[in-house]
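Commentary on secondary and tertiary structure
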Amino acid sequence: MGGSIFGRNFRIATFGESHGKSVGVVLDGCPAGLELTEDDVQLELNRRRPGQSDVSTPRDEKDRVEFHSGVFEGKTTGHPIMMLVYNENQRSKDYSEVKDLFRPGHADFTYTSKYGLRDYRGGGRSSARETIGRVCAGAVARKLLAQKGISITGHVKQVGDVRAAEFDADFIEKNPVRCADRNVAEKMRSLILSISEQGDSIGAVVEVIIKGVPVGIGEPVFDRIEAELAKAILSIPAVKGIEFGRGFEAATLRGSENNDEISKYGFLSNNAGGTLGGITTGQDIVFRFPVKPASSITVPKKTIDLFGNEREIITRGRHDACVAPRVVPVAEAMSALVLADMMMTDNAGRNLF
């Protein structure tokens, strides 16, 4: 099975399964001398971990990270950094009723068709628990980027038909939905809880804003900055699309409305979302993506079993009614990994790191 390695110069390989002994990542390409502690990584893992609020799954995992290589006396050595998190609160018996059934919305059917078998306990490698390794590595990338004044902020822009209009970055981590609008955060939370009580789930939109990226990152053909970010974000479980700047709204605009005019003081707008010709403009990189409703619900749905028989299924267990709040730190991590990797690619001629 391929597809577990991401990046070229700042590379990661994630490992582990949802109900296996552990999950984690091996990060290669981090420069020596970066100050790094387990607490730095833990800060980001705490934002992703289950059981952190009443709108997330009650699975109680502390997700304590352990460094197993690559860090000595609080600094990176320049060698591969191996970070591991033990799974401590699995309830594999929750999946015994569905081990022979294909759960609608999950990878069960495609996984079995491709590999001939699957780990039915939570989806194995297709489980979102794999993203722990990404968040660990992303925390390292964020520290590296911070040295260059680059910050990455994600927030939940919309839940169902409730949409944020205001943006207060300081409020994002002060509410369980990670909404940046004080006026609608509680409406989002109430909607999620109401949907959860019905045994159902709800979709959402997440926005990411990246500040401080210098002009000139990215290439004009295949290695466009937005193409690399798109691959990274679309690799996150439950993400079904992406748009930059005005995005799909641009289909309703004229060129005279959509073009970003330029003055001697800089760009007069940012409809392009911080990139032109696949290369960063120095403006904020802004993108949004939809997160589908979680597939594990207790509403009865039709499916088939391993033998092709039609069945009815209810997916029991401990699941998020809306996964978007916990996707935010994953999206930030993947963005950091892309930027660190692309800036290292440009490093030879531009002295970025």
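Residues numbered from 1 in each chain as written. Predicted model: local features only at pLDDT ≥ 70, side-chain atom pairs only at ≥ 80, totals over all residues. Heavy atoms only, no water.

1. Points about the overall build of the protein chain
Scanning the protein chain from N- to C-terminus turns up seven helices and 18 strands. In terms of overall dimensions, the protein chain is globule-like: its C-alpha atoms have a radius of gyration of 21 Å, near the 20 Å expected for 353 residues. Counting every position in the protein chain, which comprises 353 residues, the buried fraction comes to 48%. The long-range fraction of contacts in the protein chain, counting pairs at least 24 apart against all pairs at least 6 apart in sequence, stands at 70%. On the protein chain, roughly 16,600 Å² of surface is accessible, and the fraction owed to carbon and sulfur atoms is 50%. (Helix = DSSP H or I, 4+ residues; strand = E, 2+ residues; numbered from the N terminus. Rg over C-alpha atoms; globule rule 2.2 N^0.38 Å. Buried < 20%, exposed > 50% of the residue type's maximum accessible area, 1.4 Å probe, protein only. Contact = heavy atoms within 4.5 Å. Areas by Shrake-Rupley, 256 points an atom, 1.4 Å probe, with all protein chains shown as cover.)

2. Focus: the sheet that holds strand β8 (residues 151-159)
Taken together, five strands build an open sheet; the order of strands is β9-β8-β10-β16-β11 and the sheet is antiparallel. Of all the strands in the sheet, just β9 (162-163) and β11 (243-244) have a single pairing partner and so form its edges. Here two bridges tie β11 to strand β16 (residues 285-291), and the two strands are oriented antiparallel to one another. Pairing of Phe244 across the sheet is with Phe287, part of β16. Each of β8 and β9 touches helix α4 (residues 185-197); the most contacted strand, β8, lies at about 60° to it. (Pairing = 2+ DSSP bridges. Axes fitted to C-alpha atoms, helices over the stretch in contact; angles between N-to-C directions.)

3. Some words on unusual backbone geometry
Even without being a glycine, Asp63 presents a positive backbone phi close to 55°. Examined against the element boundaries, Asp63 turns out to sit in the loop between α1 (38-48) and β4 (65-69). Although it is not a glycine, Glu73 sits at a positive phi angle of roughly 50°. As for its placement among the helices and strands, Glu73 is situated in the loop between β5 (71-72) and β6 (75-76).

4. Thoughts on the side chain of Arg288
Tracing the chain through its elements places Arg288 in strand β16. In this structure Arg288 comes out as buried when scored by relative accessible area, which is 10%. Here the side chain of Arg288 touches Glu207 through a polar contact of 2.8 Å, side chain to side chain. Excluding residues within four positions of it along the chain, Arg288 makes contact with Val205, Val206, Glu207, Gly241, Ile242, Glu243, Gly245 and Arg246. (Polar contact = N/O pair within 3.5 Å; in protein donor to acceptor, adjacent residues only side chain to side chain.)

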